[in-house]
Amino acid sequence: MTKFPKNFLWGGATAANQLEGGFDRDGKGVSVADVMPGGKIRFQVLGSEDFDWSLDQDKYIYPNHRGIEHYDRFKEDIALFAEMGFKCYRFSIAWTRIFPKGDETTPNEAGLKFYDALIDECLKYDIEPVVTISHYEMPLHLAKEYGGWKNRQLIEFYERFAKVVLERYQSKVKYWMTFNEINSAFHFPALSQGMVKSTGGGDFKNIVQAWHNQFVASSKAVKIAHELNPDLQIGCMIIYATTYSIDANPVNQLATMVQNQEFNFFCTDVQVRGEYPAFTDRMLAERGIAFSDLEVTNEDLALIKEHTVDYIGFSYYMSSAVTVTDKEAEDVAGNLLGGVRNPFLEASAWGWQIDPEGLRLALNELYNRYQTPLFIVENGLGAIDEVKEDGTIEDDYRIDYLRRHIEAMADAVADGVDLMGYTPWGCIDLVSASTGEMSKRYGFIYVDLDDEGNGTLDRSKKKSFDWYKEVIATNGEQL
């Protein structure tokens, strides 16, 4: 019996700000990603009280400026994706290439021409583009001058951006997502909402207001897409971290339920069901907020209800464990959501707990809640890769990680889950979003570049390259 549907979308995923480079080329404006420092201090700096989106060239390294120079080498990279047999390629359109400041009324044609060429290059190899409209790189001008997504004016600016790219590429791009990991703002609004503490990012009311404005903007994009072409598929995109109570204590079970509701389900409830969930008032009240405190109109709610997404895209890297009773429990790292150490799981070099079975649980939890097609658009292992003297890279640890997660996907499909596709993260090495490092590598393709920006940027295949090629060729039968 075939594990995956015949038309299953195997591919890989990247983001413009992490691989393109050329941050000031051909009219591109400065994005929030362009002023994020490199290294393990990245989140520490962004989370400080006095950070104000300043571009301090003397103090920090900015690896996003260079990326891996995909802007000039995209044809080489896509040819490698085609050699692996990609059925699709998930990438994002840099908002600042199209509207450099974000609030202009006329798009930058040079930026659009770059994506014309990139999309055409994908189609040349029969690779289906999967486009994220906004992926952690909103224009810096909108963050500094408008205060980020808490300002309703951004709805208009995003709608204009979405309309331009949807109209331009409607005949070439079928699959879209409105915002990358929209729920990440629960813990870190700088990336997806453009808000830091100095501009209100430490106030949960601002975060929820920003979410509401993003929900409205997302629904406007869905409306535009479906009016252009009813066959266009436009999804939401969240981080999903399967969440366990550390034990059977009912107090911890309740805390786990709350974390699941707030982090894993709040944003998808609104974008998929078209309504704020029943727990919204409780979630806000516990933080001293009433829903009536927010700027929400009846027209907003009607739009959100009428224009829901077609599928759920999500990232899955690790699971999370919860306890409120054990004050000595060891904290662990994660994809913007940590938790406590789960004694049954191993962890990556960056402390992210590895849990393939958690992916099967995630797929079942999401599908049983929403009965909406799912698309795993990020999954992978960040690791340090060693290049041997003969140039080979034996990344068996990555193969093992991906194999186990694909097996979990197959089990979920057997459970009845409607799974559209799988695009492992960082299919080519790129700059880490969480730390700005190159040494935290995810790719099937090695890029010769270190954390200080030294290297040839030459591309070379890792062992996992040929392994994944076989996985795709056999539609997941050969793992």
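Above this text sits the structure in question.
Let me begin by describing the structure that accompanies this report. Only a predicted model underlies this, so the values are computations on that prediction, with no experimental measurement involved.

Focus on the pattern of salt bridges
Once their charged atoms are close, side chains differing in charge can pair, the charge on each being opposite to the other. Under the definition given, this model contains 36 salt bridges. Between Glu295 and Arg152 there is a salt bridge, and its shortest N-O distance comes to 3.9 Å. With Glu295 in the loop between α11 (280-285) and α12 (298-306) and Arg152 in the loop between α6 (140-145) and α7 (153-169), the pair connects residues that are 143 residues apart, well separated along the chain. Classification of Glu295 as partly exposed rests on a relative accessible area of 48%. Here the residues in one salt-bridge network are Asp385, Asp395, Arg398, Asp429, Arg441 and Lys462, joined through shared partners.

Some remarks on the sheet that holds strand β1 (residues 9-13)
The strand order around the closed barrel formed by eight strands is β1-β2-β3-β4-β5-β7-β9-β10, and the pairing between neighbours is parallel. Neighbouring strand axes in the sheet, compared pairwise and without regard to direction, differ in orientation by 30 degrees on average.

Concerning empty space enclosed by the protein
Inspection of the entire model under this criterion finds six cavities of 30 Å³ or more. Size it by volume and the second largest cavity reaches roughly 80 Å³. Contributing to the lining of the second largest cavity are 13 residues, with Ala16, Asn17, Gly21, Lys28 and Asp34 lying nearest its centre. Counting only elements with at least two residues in the lining of the second largest cavity, the list comes to α1 (16-19) and α4 (95-98). Residues that form the lining of the second largest cavity fall into these classes: three nonpolar, five polar and five charged.

Section: the side chain of Thr435
With respect to the helices and strands, Thr435 occurs in the loop between β10 (419-422) and β11 (445-447). Within the structure, Thr435 has its side chain in polar contact with the side chain of Ser432 (distance 3.3 Å). For Thr435, the contacting residues outside a window of four places in its chain are Gly38, Gly39, Lys40, Arg42 and Lys440.

A word on the packing of aromatic side chains
The tally for this structure, following the rule as stated, stands at 38 aromatic pairs. Ring plane angle 20 degrees and centroid distance 4.6 Å describe the contact between Tyr158 and Phe179, whose orientation is recorded as stacked. You can see Tyr158 sitting in helix α7 and its partner Phe179 sitting in strand β4 (residues 175-179), a full 21 residues away along the chain. As far as burial versus exposure is concerned, Tyr158 and Phe179 are alike and both buried. The rings of Phe4, Phe8, Trp10, Phe81, Phe86, Tyr89, Phe91, Tyr422, Phe444, Trp467 and Tyr468 are connected pair by pair, giving a single aromatic cluster. The ring centre of Phe204 lies 4.6 Å from the NZ or CZ of Arg287, which sits over that ring.

Describing helix α10 (residues 250-273)
In a regular helix each residue adds 1.5 Å, so 24 residues correspond to 34 Å; α10 covers only 29 Å between its end C-alpha atoms and thus falls short of that length. Looking at where α10 begins, the residue whose side-chain oxygen comes 2.9 Å from the main-chain nitrogen of Val251 is Asn249. Directly beyond the C-terminal end of α10, a positive phi value near 85 degrees is found at Gly274.

Structural notes on helix α14 (residues 396-414)
The terminal C-alpha atoms of α14, which comprises 19 residues, lie 27 Å apart, in line with the 27 Å expected from a rise of 1.5 Å per residue. Taken together, the buried positions of α14 are occupied by Arg398, Ile399, Tyr401, Leu402, His405, Ile406, Ala408, Met409, Ala410 and Ala412. Residues of α14 that are buried in the fold lie against β1, α13 (356-370), β9 (374-378), β10 and α15 (463-473). Backbone geometry just downstream of α14 places Gly416 in the positive-phi region, at approximately 110 degrees.

As for the packing of α7 against helix α9 (residues 204-228)
At a minimum axis separation of 9 Å, α7 and α9 run at an interaxial angle of 25 degrees. Taken as axis vectors, α7 and α9 run roughly parallel relative to one another. α9 is crossed by α7, and the crossing has right-handed handedness. Taken together, the residues of α9 that come into contact with α7 (itself represented by Ile155, Tyr158, Glu159, Ala162, Lys163, Leu166 and Glu167) are Asn213, Val216, Ala217, Lys220, Ala221, Ile224, Ala225 and Leu228. Taken together, the residues that form the contact of α7 with α9 break down as ten nonpolar, one polar and four charged.

Here's the deal with the layout of surface pockets
Roughly 170 Å³ of internal volume is contained in the second largest pocket. Lining of the second largest pocket is provided by Pro5, Asn7, Phe8, Leu9, Tyr175, Gln233, Asp418, Leu419 and Met420. By residue class, the composition of the lining of the second largest pocket is six nonpolar, two polar and one charged.

Here's the deal with the pairing of strand β5 (residues 233-239)
Counted residue by residue, β5 has six buried out of seven residues, so it is predominantly covered. When β5 meets strand β7 (residues 311-315), the two strands line up parallel, connected through five bridges. By the bridge assignment, Gly235 is partnered in β7 with Tyr311.

What counts, and at which threshold
Numbers given to residues run from 1 along each chain, matching the order in which its sequence is written. In keeping with the model being predicted, local features are shown solely for residues with a pLDDT of at least 70 and side-chain atom pairs are shown and tallied solely at 80 or more, while totals for entire chains, interfaces and linings include all residues. With hydrogens and water stripped out, all remaining heavy atoms of the structure feed into the side-chain values. By convention in these notes, a salt bridge is any Lys or Arg side-chain nitrogen within 4 Å of a carboxyl oxygen on Asp or Glu. Numbering of helices and strands runs from the N terminus, with a helix taken as a DSSP run of H or I at least four residues long and a strand as a DSSP run of E at least two residues long. Only protein chains enter the accessibility calculation, which uses a 1.4 Å probe. A residue is then buried if its area is under 20% of the maximum for its type, exposed if over 50%, and partly exposed in between. Two strands qualify as a pair provided DSSP detects at least 2 bridges between them. Only the stretch in contact is used when a helix axis is fitted, and all axes are lines through C-alpha atoms; the angle between N-to-C directions ranges over 0 to 180 degrees. Grid points spaced at 1 Å over the protein atoms alone were grouped into cavities, where a 1.4 Å probe fits but cannot get out, and pockets, open sets with protein on both sides within 12 Å along at least five of seven lines, with lining residues defined by an atom within 4 Å of a point. Grid points are joined across faces, edges and corners, and a volume is the space filled by probe spheres set on the points. Three classes are used: nonpolar for Ala, Val, Leu, Ile, Met, Phe, Trp, Tyr, Cys and Pro, charged for Asp, Glu, Lys and Arg, and polar for all others, with Gly counted as polar. Polar contact criterion, stated in full: a pair of N or O atoms within 3.5 Å, where within protein one must be able to donate a hydrogen and the other to accept it, and residues adjacent in sequence count only if both atoms are side-chain atoms. Any two residues whose heavy atoms approach within 4.5 Å at even a single point are treated as in contact. Only the six-membered ring of Trp is used, alongside the rings of Phe and Tyr, when aromatic pairs are assigned; centres must lie within 6.5 Å, and planes under 30 degrees apart are stacked while those over 60 apart are edge-to-face, with the rest tilted. Comment: the charge-over-ring label is applied if NZ (Lys) or CZ (Arg) is within 6 Å of the ring centre and within 35 degrees of the ring normal. A helix is expected to span 1.5 Å multiplied by its residue count minus one. Reported orientations rely on four angle classes, namely roughly parallel under 35 degrees, roughly antiparallel over 145, roughly perpendicular from 65 to 115, and oblique for the rest. Helix crossings get a hand from a simple test, with the near helix turned counterclockwise from the far one by less than a right angle marking a left-handed crossing and a clockwise turn marking a right-handed one.

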